[in-house]
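Listed below, chain by chain, are the residues.
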Amino acid sequence: MFQHMTALPPDPLLGIAVAFRADSNPKKVDLGVGVYKTEDGKTPILTSVQKALQTLLNTEDSKSYIQARGNQAFLDGMEKLVFGADNALLTSGRVESLQAPGGTGSLRIGFELIKRGNPNAKIWVSSPTWANHVALIKATGLEVAEYPYYDKTNNQLKADEMLETLAQLGPNDVVLLHGCCHNPTGEDLTPELWTKISDLAVEKGFVPFVDIAYQGFGVDLETDVAGVRELLSKVPEALIATSCSKNFGLYRERTGILTSVSESPVLAGAALSHMLNIAREIYSMPPSYGGAAVGILLADEALTAEWKTELAEMCSRMIDLRALLVNKIHERGVEEDFSFINRQKGMFTFLGITPEQVQSIRDEYAIYMAGSSRINIAGVSSSNVDYLADAIAATLKK
């Protein structure tokens, strides 16, 4: 069966992590894999989440399967987090959700659902997008296409080109949108663009599929999804994949949710039945631990308030790190303007340097980042920012 298989190359980002761990340089810096880090380079367990996990440990009385849809407190809490607690859609019967293994699992079920609804659907992703988006889509056999998004030369959105492309789409098209903190660019849609895309979706009939992996990492929990909420208030149907990895720090617990918005309660029920069936065919029953913890946290006002404070602190730190990095680079007299980094949101940005320069920085300074020059802002700290700025400046001045 396996005699003719040859080894595949490692995943580019995961390969960077392996190379970083093997590097013996004491000054090495990891700006690759997208996990939040504190000043000392640790990825913490949030205090609010730890308390919720302790409550779960004290109260859980069975290891039997949970319901196929997932933990109900988790589903209810996450829907309110994305839609807003008072959103009329949540009581309309048009919204159904399913707990899934992480944001990736949620996306995969969503793409499989699209394939069942329309095997000829074409999924449009931003250029660029998170690399695994394309892999997930291709794994279902659906067609992938790109819409213009980011101008790497001028470090800004290709707003007009994007809208021109989306205006050509129709009912056989699905547009994958980043809810906030665009990965890999950090360049988010403006409120005006959210309005125009929402109106185009209604006019042209394409279906929006929103990936929300970083709610609360951009500005705050409400601002980060304001555009998504406007979109959902207008369109007849949509899909939303939400991850708890970043804003709850539950990376290894693989906690996510897929939500569908349908034209009617009857169609919503049909969509849910297929979501459950797809999940049954892939992993059968959802994992409990992470979802149960988030459910406990979001149902407890004091824990929710503590979590929001911790989340705001992480967000504020990344905003400060952006400004710090820009200032340190400019202090070294480089000709290039890096101020765009301050405008962007979330964990990621492109430095805008070439793959050759990325490799040079890695070889000479043991600073690891994606070949595209995408860096994890949370990997920057007060202890390494001067070293990083020195490396960037020296490389650009060659």
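Look up a bit, the structure's there.
So, how was this worked out
- Residues numbered from 1 in each chain as written.
- Predicted model: local features only at pLDDT ≥ 70, side-chain atom pairs only at ≥ 80, totals over all residues.
- Heavy atoms only, no water.
- Pairing = 2+ DSSP bridges.
- Helix = DSSP H or I, 4+ residues; strand = E, 2+ residues; numbered from the N terminus.
- Right-handed = clockwise from strand over helix to strand, strands pointing away.
- Salt bridge = Lys/Arg side-chain N within 4 Å of Asp/Glu carboxyl O.
- Buried < 20%, exposed > 50% of the residue type's maximum accessible area, 1.4 Å probe, protein only.

**Examining the pairing of strand β3 (residues 122-127)**
Item 1. Both β3 and strand β4 (residues 143-148) contribute to a ladder of six bridges, which runs parallel. Looking at β4, one finds that Trp124 is bridged to Ala145.
Item 2. The parallel pair β3 and β4, bridged by helix α5 (residues 131-140), forms a crossover whose chirality is right-handed.
Item 3. In the sheet, β3 pairs with strand β7 (residues 173-178) via three bridges, with the strands oriented parallel. The residue of β7 that forms the bridge with Trp124 is Val175.

**With respect to the pattern of salt bridges**
Item 1. One pass over the full model with this rule turns up 18 salt bridges.
Item 2. A salt bridge links Lys51 to Glu306; the shortest N-O distance between them is 3.0 Å. With a gap of 255 residues between them, Lys51 in helix α2 (residues 47-59) and Glu306 in helix α11 (residues 301-331) connect regions that are remote in the sequence.
Item 3. Note on Lys51: relative accessible area 41%, which makes it partly exposed.
Item 4. Here Glu60 makes a salt bridge to Lys63, at a shortest N to O gap of 2.7 Å.
Item 5. On the basis of relative accessible area, Glu60 is assigned to the partly exposed category, the value being 30%.
Item 6. Three or more residues joined by partner-sharing salt bridges are found here, namely Lys328, Glu331, Arg332, Asp386 and Asp390.

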